[in-house]
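Letter by letter, the chains look like this.
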Amino acid sequence: MASTTTYAQFIALDAGALWQVLGDPSRLPEWHSGYRSVTVDDAIAVGAEGSYVQTHRVAGPLHRRFAPPFTITAYNPGRHMQLTQKEPVGATIIDFHLTPADGGCVVTDKVTVTGPASRTLRSAVPHVTDRVDFARLARLAGLAPVDDALSVVLAGGSGALGQHLAADLACRGHRPVILTRSINSASPFEQLEWDGRTVGDWADILVSGRPVAVANLAGKLVDCRPTERNIALLRDSRVDATRALVAASKLRDSPIAHWLQASTTAIWSDAGEQWCTETTPVPEGLPQMTGVALPWEEAVSGAHTEHLVVLRTSIVLDNQAPAMKRLADLTRVGLGGRVGSGRQWFSWIHIDDWLAIARAALGLDPAITIPDGVVVGASPHPVRNAELMASLRQALHRPPAPPTPAPLLRLGAIALRTDPALGLTGRRARSQVLDDLGFEFRFPHLDDALADLLDN
């Protein structure tokens, strides 16, 4: 039995520059958040041995005390390095690959755990779980923005989706600038402090001489109880931040070239069997859905920009996203049955496809020009809830599970402090705009997306 996780990222550097860092195991702690320390006893070559300590709070101390040395079992300079760590019943195999691509390389971190306890041990093994690790690697290897590189001002850049976008931009040689309420000294990105409500010193970045774009992802997570107070917090966290950005943009003499405004397909609330595309009217809907999303979109009116794309994003599938982790965890413990009737639609998009759309909306993809206005960020193949849960069980190698009746879900939502409507309602969304542009999704089908994201 084996469990494998793979994570990959394009970096705009040649293999030689990347290998100076990637090819030296002792440098892993400098960029890889999974390692606390790594030592190699001999010259780096096949057969050399060494030891590592994970950052995992439980596995790290145990591994340091009891684990045997690892062995370098493959070493092809500029291409591939493999470390094999023997375990009590099996082995951990850590592969780093460099694959040349147009303008740089794709770096892949692949971790395989073998043996009867592979799935249990997998969570304790060092592996890239955050694209930010690759941004640190790129910086260590010498990738730095050129003087006229695009500065992308990221509101909401401290969140999971914002960190993905910031890291992806940095790995491609652009300059992400994070607007944040709390500066993180460990971040590899430029940060500016703001309160998310008012124009302050942070606005200087918008009126500087740098080429600049805006990506507004700011907003409190929707995974909360649908009380009046929480709904007001959800709405205000989005509307206030957007209005502050709009006001700051008006300080410029010339318009901002590109503006990516986040929104959500939940703006259509519970849409039943209707296909939701860019031209579908917005209904009167649930307060935590339409009642939050519509004012969010309206707040960007008047932004001083040449190109404005409002990206109505569906559920983003990412193995670190809260929604994905909750669904996977429930499935792993045997609660992977359909929810309610199971007929509610689930629109989704793989994180890599979302990033590709975001880059195009920011004017960074010469092959695609996204027109101004609303764009739906969703795979062309939504599924019903019953299909979603069946695919999750298949991907996680779990047997059929009993359904979760709607009354039980509502009761469980109280304990989990979440909104049952998140599981009992849905949208059948797709993008006519992207289809007309010939945009090609890397992961158009759910089974392929889950196979890429989940341990297998």
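Residue positions are counted from 1 within each chain, in the order its sequence is given. The predicted origin of the model limits local features to residues at a pLDDT of at least 70 and limits the giving and counting of side-chain atom pairs to 80 or more, whereas totals for whole chains, interfaces and linings rest on all residues. The basis for every side-chain value is the complete set of heavy atoms in the structure, and neither hydrogens nor water enter the calculation.

The name an unreviewed UniProt entry gives the chain is DUF1731 domain-containing protein, with Gordonia tangerina as the organism.

Engineer: Even after reading the chapter, I still don't get the nonpolar core, so can you show me in this structure?
Structural biologist: Here is a general trend for soluble globular proteins: nonpolar side chains tend to be buried in one another's company. We call a set of buried residues a nonpolar core when its members are Ala, Val, Leu, Ile, Met, Phe, Trp, Tyr or Cys and they connect through side-chain atoms within 4.5 Å of each other. Only protein chains enter the accessibility calculation, which uses a 1.4 Å probe; a residue is then buried when its area is under 20% of its type maximum, exposed when over 50%, and partly exposed in between. Counting residues in each nonpolar core, the largest one holds 86 residues, and the members touching the most others are Ile11, Leu18, Leu137, Leu165, Leu317, Trp354 and Ile370. Under the DSSP-based scheme used, a helix requires at least four consecutive residues in state H or I and a strand at least two consecutive residues in state E, with every element numbered from the N terminus. Among the elements that take part in this core, helix α11 (residues 351-361) stands out by supplying eight residues, more than any other. By the convention used here, residues are in contact when the closest approach between their heavy atoms is within 4.5 Å. Dropping the residues within four chain positions of it, Leu18 is found in contact with Ile11, Leu13, Leu98, Cys105, Val107, Leu137 and Ala141. Counting 21 residues, the second-largest nonpolar core is a separate cluster that includes Leu179, Ala203, Leu206 and Trp259.

Engineer: Where do I start with the environment of Val152 in this structure?
Structural biologist: Looking at where Val152 falls in the secondary structure, it is placed in strand β8 (residues 151-155). Residue Val152 is classed as buried on the basis of its relative accessible area of 0%. If near-sequence neighbours (up to four positions away) are discounted, Val152 is found in contact with Leu169, Arg175, Pro176, Val177, Ala213, Ala215 and Leu362.

Engineer: Would you explain the side chain of Ser237 in this entry?
Structural biologist: Turning to its location among the elements, Ser237 is positioned in helix α8 (residues 228-249). We call two N or O atoms a polar contact when they sit within 3.5 Å, provided that within protein one can donate a hydrogen and the other can accept it, with sequence-adjacent residues counted only if both atoms are side-chain atoms. Within the structure, the side chain of Ser237 is placed 3.0 Å from the backbone oxygen of Leu234, a separation counted as a polar contact. With residues up to four places along the chain from it excluded, the contact list for Ser237 reads Ala218, Gly219 and Lys220.

Engineer: Quick question: what am I supposed to make of the sheet that holds strand β11 (residues 212-216) here?
Structural biologist: Sheet strands associate in pairs through backbone hydrogen bonding, adopting either a parallel or an antiparallel arrangement. The seven strands are arranged β10-β9-β8-β11-β12-β14-β18 in an open sheet whose pairing can be described as parallel. A single partner strand is all that each edge strand has here, and the edge strands are β10 (190-193) and β18 (373-377). Sheet twist, expressed as the mean angle between neighbouring strand axes with direction ignored, is 20°. In this sheet, β18 lies alongside strand β14 (residues 305-313) in parallel orientation, the contact comprising five bridges. The partner of Thr313 across the bridge, within β18, is Gly377. Sheet strands in contact with α8 are β8, β9 (175-180), β11 and β12 (256-264), and its direction is about 170° off that of β12. Lines fitted to C-alpha atoms define the axes here, with helix axes fitted over just the stretch in contact, and angles between the N-to-C directions of these axes take values from 0 to 180 degrees. This element, helix α9 (residues 290-298), spans β11, β12 and β14 of the sheet and lies at about 170° to β12. The pairing criterion for strands is at least two bridges between them, as found by DSSP.

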